[in-house]
Amino acid sequence: MSRQSFGYLFAVLNMLTYGFLPVFAHYFVTTLDPLLFGGATAIIGSIPFLLFSRHEKRSNLKIYLKPLLIIGIIELLATIAFFVGTKFTSGINTGLLLQLEPFYGIILAVFFLGEIVGLSHILATVLMVFGAFIVVYKGIDQFNVGDLLVFVTPALYQISNTLAKSFINKLGNIFVVPAAKMFISGIGVLCIAVIFTKPSIQQIL
């Protein structure tokens, strides 16, 4: 399998995963502490990448420890916004508001990565975003705290992805970035949960 085909395969799997994520996340956080659940899922998700990273070279890793930490902190904020936000809105609203991610992605790709975006990309993204808002809202007054938190979530994800893309090929190990993003955010969110919400670990056992 070529590198490009491998990338497409992971892109499709990523779309499927994030397609189901809003529904399952909303279902679980209605009964579980959202920070505890979000932190636990991030740490569990980081395990395969941590294992893969052990068998890959780690050239230049020390040079990029600071940006990796920054990416992890941004991912931490995104995890909090997503899991707390979906607790206070519907699963449908969560899924539709996450469709704003391509919009944020285009803006960041153009202004920070210098990529060229065609008119078809812009029109498709605007149509997608416009459709999501029409389905979800009958007026701006219907926004609530949960909606606003989910609204900023894809922006945080895209900022994290844009920073990662700027140096991921220089690391010599493509698994380090997702491992760092998930593990740092997971540990951070769990610490925040323990300090501020004091949930019972039995909730996720």
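Below you will find a few notes about this structure. Just so it is clear, the structure is predicted and the values come from calculations on it, not from any experiment.

Some points on the overall build of the protein chain
Consideration 1: Looking only at helices and strands, the protein chain has nine helices and zero strands in total.
Consideration 2: Secondary structure elements in the protein chain, listed N-terminal to C-terminal, are α-α-α-α-α-α-α-α-α.
Consideration 3: Counting across all 205 residues of the protein chain, residues that qualify as buried make up 38%.
Consideration 4: Taking all contacts inside the protein chain whose residues are at least 6 apart in sequence as the whole, residues at least 24 apart take part in 87%.
Consideration 5: Accessible surface computed for the protein chain: about 12300 Å², of which carbon and sulfur atoms make up 74%.

Overview of the packing of aromatic side chains
Consideration 1: Summed over the entire model, instances satisfying the criterion amount to seven aromatic pairs.
Consideration 2: Taking the centre distance of 4.9 Å and the plane angle of 80 degrees together, the rings of F82 and F83 count as edge-to-face. One exposure class covers both F82 and F83, and it is buried.
Consideration 3: A connected cluster of aromatic rings, assembled from ring pairs, spans Y27, F28, F37, F82 and F83.

Concerning the nonpolar core
Consideration 1: In this structure, F37, F82, F83 and L100 are the most contacted members of the largest nonpolar core, which totals 17 residues.
Consideration 2: Broken down by secondary-structure element, the contributors of at least two residues to this core are helix 1 (3-29), helix 3 (65-87) and helix 7 (145-165).
Consideration 3: Sequence-distant contacts of F37, that is, excluding residues within four places in its chain, are made with A25, F28, V29, L32 and F83.
Consideration 4: Membership of the second largest hydrophobic core comes to nine residues, among which are Y64, L171, V176 and A180.

A closer look at the packing of helix 2 (residues 34-54) against helix 9 (residues 176-197)
Consideration 1: Closest axis-to-axis distance for the helix 2/helix 9 pair is 7 Å, and the angle between their directions is 155 degrees. Considered as vectors, helix 2 and helix 9 are oriented roughly antiparallel to each other. Along this stretch, helix 2 crosses helix 9, giving a crossing that reads as left-handed.
Consideration 2: When its residues are assigned to classes, the contact of helix 2 with helix 9 shows 17 nonpolar, eight polar and no charged.

A closer look at helix 9
Because each turn of an α-helix spans 3.6 residues, side chains separated by three or four positions in sequence point in the same direction.
Consideration 1: With 22 residues, helix 9 ought to run about 32 Å at 1.5 Å a step, and its terminal C-alpha atoms sit 30 Å apart, in line with that.
Consideration 2: Taken together, the buried positions of helix 9 are occupied by V176, V177, P178, A179, A180, K181, S185, G186, G188, V189 and A193.
Consideration 3: At its buried positions, helix 9 is contacted by helix 2, helix 3, helix 7 and helix 8 (168-171).
Consideration 4: After helix 9 finishes, the residue K198 shows a positive phi value of roughly 50 degrees.

With respect to the side chain of K181
Consideration 1: Within the secondary structure, K181 is located in helix 9.
Consideration 2: When its relative accessible area of 12% is taken as the criterion, K181 is described as buried.
Consideration 3: Setting aside its immediate chain neighbours within four residues, K181 contacts I71, G72, E75, S160 and N161.

Observations regarding the pattern of salt bridges
Consideration 1: Enumeration over the complete set of coordinates arrives at one salt bridge.
Consideration 2: Between K181 and E75 there is a salt bridge, with the nearest N and O atoms lying 3.9 Å from each other. Taken together, the residues span a long stretch of sequence, with K181 in helix 9 and E75 in helix 3 at a distance of 106 residues.

Focus on helix 5 (residues 101-112)
Consideration 1: Taking 1.5 Å of rise per residue, the twelve residues of helix 5 would be expected to cover 16 Å, and the 16 Å separating its terminal C-alpha atoms lies within 8% of that figure.
Consideration 2: Here helix 5 has its buried residues at Y104, G105, I106, L108 and A109.

Quick word on the environment of I80
Consideration 1: Structurally, I80 is set in helix 3.
Consideration 2: Spatially, the C-alpha atom of I80 lies 9.9 Å from that of G186, the residues being 106 residues apart in sequence.
Consideration 3: Those residues within four positions of I80 in sequence are excluded, and the remaining contacts are L35, G85, V189 and I192.

Structural notes on the packing of helix 3 against helix 9
Consideration 1: Packing of helix 3 against helix 9 leaves a shortest axis separation of 7 Å and a crossing angle of 55 degrees. In this view, helix 3 runs oblique relative to helix 9, as classed from their interaxial angle. Regarding helix 3 and helix 9, the two cross each other, and that crossing is right-handed. Packed against helix 3, whose contacting residues are L68, L69, I71, G72, I73, E75, L76, T79 and I80, the element helix 9 presents V176, V177, A180, K181, I184, S185, G188, V189 and I192 at the interface.
Consideration 2: Here the contact of helix 3 with helix 9 is built from residues that sort into twelve nonpolar, four polar and two charged.

Conventions and cut-offs
- Counting from 1, residues in each chain are numbered in the order their sequence is written.
- Local features in a predicted model are, by the rule used here, given only for residues with pLDDT of at least 70; side-chain atom pairs are given and counted only at 80 or more, and totals for whole chains, interfaces and linings are based on all residues.
- Each side-chain value is worked out from all heavy atoms of the structure, with water and hydrogens disregarded.
- For helices the rule is a DSSP run of H or I covering at least 4 residues; for strands it is a run of E covering at least 2, with both sets numbered from the N terminus onward.
- Note on exposure labels: buried denotes an accessible area under 20% of the residue type's maximum, exposed denotes more than 50%, and partly exposed covers the range between, all computed with a 1.4 Å probe on protein chains only.
- Residue contacts are defined here by distance: any two heavy atoms, one from each residue, within 4.5 Å place the two residues in contact.
- Computed with the Shrake-Rupley method and a 1.4 Å probe, the accessible areas treat only the protein chains shown as cover for residues.
- Only centres within 6.5 Å qualify two rings of Phe, Tyr or Trp (six-membered ring in Trp) as a pair; their planes then separate them into stacked at under 30 degrees, edge-to-face at over 60, and tilted for everything else.
- We call a set of buried residues a nonpolar core when its members are Ala, Val, Leu, Ile, Met, Phe, Trp, Tyr or Cys and they connect through side-chain atoms within 4.5 Å of each other.
- For helices, the fitted line uses only the C-alpha atoms of the stretch in contact; every axis is such a line through C-alpha atoms, and the angle between N-to-C directions lies from 0 to 180 degrees.
- Each angle gets one of four labels, with under 35 degrees taken as roughly parallel, over 145 as roughly antiparallel, 65 to 115 as roughly perpendicular, and the rest as oblique.
- Definitions for this section: a left-handed crossing has its near helix turned counterclockwise from the far helix by less than a right angle. A right-handed crossing has that turn clockwise.
- Residue polarity follows a fixed list, in which Ala, Val, Leu, Ile, Met, Phe, Trp, Tyr, Cys and Pro are nonpolar, Asp, Glu, Lys and Arg are charged, and the others, Gly among them, are polar.
- Working rule for helices: expected span equals 1.5 Å times residues minus one.
- Any Lys or Arg side-chain nitrogen located within 4 Å of an Asp or Glu carboxyl oxygen qualifies as a salt bridge.

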